[in-house]
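# Topology and contacts: notes
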Amino acid sequence: MRPTVLIVDDHDSFRESARALLEAEGFAVVGDAADGAGAVAAAARLRPDVVLLDIQLPDVDGFVVARRLAAGPDPPRVVLISSREAVAYGPRMDTAPVCGFLAKRELSGAALAALVG
Amino acid sequence: MAAEWRLYGWADPGGWAPDLLTGWAMIGCGLAGWARRPGSRSGGLLAAAGFAWFVPDFGAAGVGPLSWLAAHALYLHRGPLVQLVLTYPQGRVRGRVEGATVVAGYAAAVVAPGWGSQAGTVALAACLVTVAAIRYVRAAGAERRMRRSALQATVLFAAGAAAVALLRFAVPGPAAETVTLLAYEVMLCALAAGLLAGLLRWPWDRAEVADLVVELGETRSGALRDELARALGDPSLQVGYWLPESAMFVDAAGRPLAVPGLASGRSATVVERDGQPLAILIHDPAVLGDPGLVEAVASAARLGAANARLQAEVRARLAEIAASRRRILAAADEERGRLEHRLRDGAQWRLGELAQALRLARESATGPGTAGRIARAELQLTRTREDLGRLARGLHPRQLSERGLAAALAALAQDFPLHLDLAVPAAETSPTVAACAYFICCEALANVAKHASASRVQISVATKASGIIVEVTDDGAGGADPEGRGIRGLSDRVETLGGTLTVASAPGQGTRLTAVIPDSTGPL
């Protein structure tokens, strides 16, 4: 059973490439969302195992979305992604209820699998 | 003396003594003034009035023509007196109105009714005072001070003559005549003494300027102008200093000084040393009419100018350097703009094409393995395009030139990983100032993201008529190094535009970076 993934990013091209990449590397991408509100709704509806969550979103940022997801019943495992390095987000990264962070350049099926166990 | 004897005989000292004294006072004071101030004709005129004073006394001589002359010359002395008081202290008639008044004064002395009539005397006195007052009001500078003396003398003389005339009109009879004559004689003596004293003190300007020579040894260049303006009585005086390298005159602040043409109504006096121009005085033509005064001012200016010229030269150089720094900055910004343009239209555009091609390839790929590998390449490409876009924006933000500072900062905030409060009014600023403000924010945000461990950042921009104030505040660790390379570069940029950059960053208190950028950067 391949783990199911929800991809949240405001760039269409990134969602498409990430979907193709993860599909090719052992994940089942069950949906995507372009903003924070869409992400919370899609997660409730699709109940994915993993949410790949971009930090910079047009409405609320990834940290807020992660807290909302964590507050729901049976929360998914969340991996934050960004085109920046983790250190740029300072202390907020340390306290976020997520299981890991991936810079977009490091994204691969194996790297994601290593974080979500 | 002979004349007095002819008129009164020795038996009447009450009659001849005051008369004799008055004539001698005028002659004596006049000759003394003439001897001490040969450049002025006032002494001569006073002496002439004194001699004329005695002419009527020959009326009893019994010699035909002399008696006739004496009979008509009772007021002869008033001719030179009118000329004297009007033209005092130089004694030279200038202008048509003054000339006509002097002629009228002489004419009234020999032609009846003239000074002989009481009404005529009052009218002439009023006329004299009016002319002197007008000349005084219209004069400037040193000329004005001379005219003031002339006005004072004229008023004294005219008031005396008019008072005598009015008294004689009001109280006819020989008793009144004796008293008024005596009063008139006293007034003439006082006038003669006063005019001589004035002549001996004259010219006051040179004395005042000579004092200046002592003072100016240590004064600053701006003060030289003020001191000279005060000494010459010309508040509009401008002082320029000659810069040999650029072959022009500059003022104390180092700004080029335009030398007025002939038609401007201003005069320019060049102060030279060893045949080289040293300074220039631009002044009211009236204030340096006297060649002696010009020489005194020139020596004062020579002394002060050596010091002042050095300062003006330094300021001119500084202004030049500031202008050249602004030119360099503008050229660098322009160059960055061209680079950004080339990146955008060249590399970025082609990478966009490549991304399109990869997407088509992935969509038509047969196996998931191939699609995944193409997707990995696409992600790398996306990342590269983002990097390149950031680089281009850092070089020269297109938003800034196309949509202004507020829009460019908003775009910057979108790309910033932390929470960023923006308070930026959508106001017009000059491109140079806007670019400066933008780069300050960029550098400050980069520093915050790298070092500060902050959770909130605030950018506020206040636009004033004189320029803008940019403030970037964070709640991070503080302890930023104001001498670090990034901040040093920002300081240079801000100072080039004549502004200031301050950094307050105590450890544990966050960092506040404040830039004040004036929007009057002057010509490039």
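Criteria and cut-off values
Residues numbered from 1 in each chain as written. Chains lettered and ligands numbered in written order. Predicted model: local features only at pLDDT ≥ 70, side-chain atom pairs only at ≥ 80, totals over all residues. Heavy atoms only, no water. Helix = DSSP H or I, 4+ residues; strand = E, 2+ residues; numbered from the N terminus. Buried < 20%, exposed > 50% of the residue type's maximum accessible area, 1.4 Å probe, protein only. Contact = heavy atoms within 4.5 Å. Phe/Tyr/Trp six-rings, centres within 6.5 Å; stacked < 30°, edge-to-face > 60°. Lys NZ or Arg CZ within 6 Å of the ring centre and 35° of its normal. Buried area = accessible area lost by both parts, 1.4 Å probe. Salt bridge = Lys/Arg side-chain N within 4 Å of Asp/Glu carboxyl O. Polar contact = N/O pair within 3.5 Å; in protein donor to acceptor, adjacent residues only side chain to side chain.

### Examining the overall build of chain B
A tally of helices and strands in chain B yields 17 helices and 9 strands. In chain B, which comprises 524 residues, the proportion classed as buried is 44%. Of the contacts made within chain B by residues no fewer than 6 positions apart, 64% connect residues no fewer than 24 positions apart.

### Focus on the packing of aromatic side chains
This model, assessed by the stated rule, comprises 3 aromatic pairs over all chains. With a centroid separation of 6.3 Å and 40 degrees between ring planes, the pair formed by Trp-53 of chain B and Tyr-184 of chain B is classed as tilted. Taken together, the residues span a long stretch of sequence, with Trp-53 of chain B in helix H3 (residues 42-54) and Tyr-184 of chain B in helix H9 (residues 174-201) at a distance of 131 residues. Overall, Trp-53 of chain B belongs to the buried group, its relative accessible area being 8%. Lying across the ring of Phe-14 of chain A, Lys-104 of chain A places its NZ or CZ 4.6 Å from the centre. Seen from the ring of Phe-439 of chain B, Arg-336 of chain B lies directly overhead, with NZ or CZ sitting 4.6 Å from the centre.

### Some details on the interface of chain A and chain B
With 20 residues of chain A at the interface, the matching set in chain B holds 24 residues. Both sides together, the interface formed by chain A and chain B hides about 1,900 Å², and carbon and sulfur atoms give 51% of it. The interface formed by chain A and chain B holds 2 salt bridges in total. Across the contact surface, chain A and chain B share 4 residue pairs in polar contact (both at pLDDT 80 or more).

### Section: the pattern of salt bridges
With the rule as written, the count across this model stands at 19 salt bridges over all chains. Residue Arg-15 of chain A is joined to Asp-12 of chain A by a salt bridge in which the shortest nitrogen-to-oxygen separation is 2.8 Å. A residue pair is termed a helical-turn pair when its members lie 3 or 4 positions apart in one helix, as Arg-15 of chain A and Asp-12 of chain A do in helix H1 (residues 12-24) at 3 residues. Judged by relative accessible area, which is 48%, Asp-12 of chain A ranks as partly exposed. We note a salt bridge from Asp-387 of chain B to Arg-383 of chain B, for which the minimum N-O separation is 3.5 Å. Within this pair, Asp-387 of chain B and its partner Arg-383 of chain B are both found in helix H13 (residues 368-395), separated by 4 residues, close to a single helical turn. When its relative accessible area of 10% is taken as the criterion, Arg-383 of chain B is described as buried. Salt bridges linked by common partners bring Asp-12, Arg-15, Arg-19 and Asp-32 of chain A together as one network.

Remember, this is a structural readout, not a statement about activity or role.
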